[in-house]
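# A structural walkthrough
Each chain is listed here by its residues.
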Amino acid sequence: MENSFDKNGLSVEKSLEIISEAINNSQRDFQRRAGTAMTIWGAAVMLASGIVMLGIALTGNPMWNIAWFLIPVIGWPLDKLSTKHIGHSSGSGENFISKTMGIVWIIYGVFAVATSIMAFFIPIPIIGIIILLLGMGGAITGALAKNRLITVLGIISGIAGLPCAYLLDSPVYTPLLLTAAALMNLVIPGLIFNRQNRKLQ
């Protein structure tokens, strides 16, 4: 039986091989970018949470909540630096999934910062809302990556975080809750992506 050829003169088998390789390369690039970025942002959230909790515990001054704004100050430049390094080392641009995930987390960041600013002027459950948004972002990321564990972690942390933040509303517990949410939605998924990326190499 003669091999079938497409309009470019490639056999069907060769075309499928090229498509499969392109998909694998896109998946590897997505996991490489996502794993590093999510780990960086998760670490930034956990660091800011620790500063807030320690500062309030030692001084009793709620103005230590201003340290939450250290998250973008720490995370943004480190994320940009790592993205630049990964882009040069991989030699490839962003694929559709990477761009989509980036948009999801940028929108989350806008909402989180806006909520934090509004909390200075109106009484809103800021930590609960941010944990809910964080869980939503984590669940969407898991769905895009077709990773059930990451999706479930996002749903659980987002839904459970809101009532927990309401019931445990104190300067000590709220930073711990946000630390747990960052661990479930950023650090653990980042480590999962990095592990999967190493397997693909």
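Residues numbered from 1 in each chain as written. Predicted model: local features only at pLDDT ≥ 70, side-chain atom pairs only at ≥ 80, totals over all residues. Heavy atoms only, no water.

## Describing the packing of aromatic side chains
One pass over the structure, following the stated rule, counts 2 aromatic pairs. Ring geometry for Phe69 versus Phe120: centroids 6.2 Å apart, planes at 20°, classification stacked. Remark: Phe120 occurs in the loop between α3 (96-118) and α4 (126-144) and Phe69 occurs in the loop between α1 (12-59) and α2 (70-90); sequence separation between them is 51 residues. Look at Phe69 and you get partly exposed, because its relative accessible area is 25%. (Phe/Tyr/Trp six-rings, centres within 6.5 Å; stacked < 30°, edge-to-face > 60°. Helix = DSSP H or I, 4+ residues; strand = E, 2+ residues; numbered from the N terminus. Buried < 20%, exposed > 50% of the residue type's maximum accessible area, 1.4 Å probe, protein only.)

## Regarding the nonpolar core
Counting residues in hydrophobic clusters, the biggest one holds 29 residues, and the most contacted among them are Trp68, Ile71, Trp105, Tyr108, Leu178 and Leu186. Counting only elements with at least two residues in this core, the list comes to α1, α3, α4, α5 (148-167) and α6 (173-200). Looking at this core, the element that brings in the most residues is α1, giving 8 residues. Ignoring any residue separated from it by four or fewer positions in sequence, one finds Leu186 in contact with Met38, Thr39, Trp41, Gly42, Val45, Trp105, Leu134 and Ala181. (Core = buried A, V, L, I, M, F, W, Y, C linked by side-chain atoms within 4.5 Å. Contact = heavy atoms within 4.5 Å.)

## Some thoughts on the confidence of the model for the protein
Taken over all residues, the pLDDT of the protein has a mean of 81, while the share at 70 or more is 76%. At the level of individual helices and strands, the protein shows its lowest average pLDDT in α2, which scores 76, and its highest in α5, which scores 92. (pLDDT = per-residue confidence, 0-100.)

## Things to note about the environment of Cys164
Relative to the helices and strands, Cys164 resides in helix α5. Cys164 gets classed as partly exposed once you look at its relative accessible area, which sits at 31%. For the pair Cys164 and Ile131, spaced 33 residues apart in the sequence, the C-alpha separation amounts to 9.9 Å.

## Notes on the side chain of Asn185
Following the sequence through the fold, Asn185 ends up in helix α6. A distance of 2.7 Å separates the side chain of Asn185 from the side chain of Ser157, its partner in a polar contact. The residues contacting Asn185, other than those within four sequence positions of it, are Met38, Trp105, Leu134, Gly135, Gly138, Leu153, Gly154 and Ser157. (Polar contact = N/O pair within 3.5 Å; in protein donor to acceptor, adjacent residues only side chain to side chain.)

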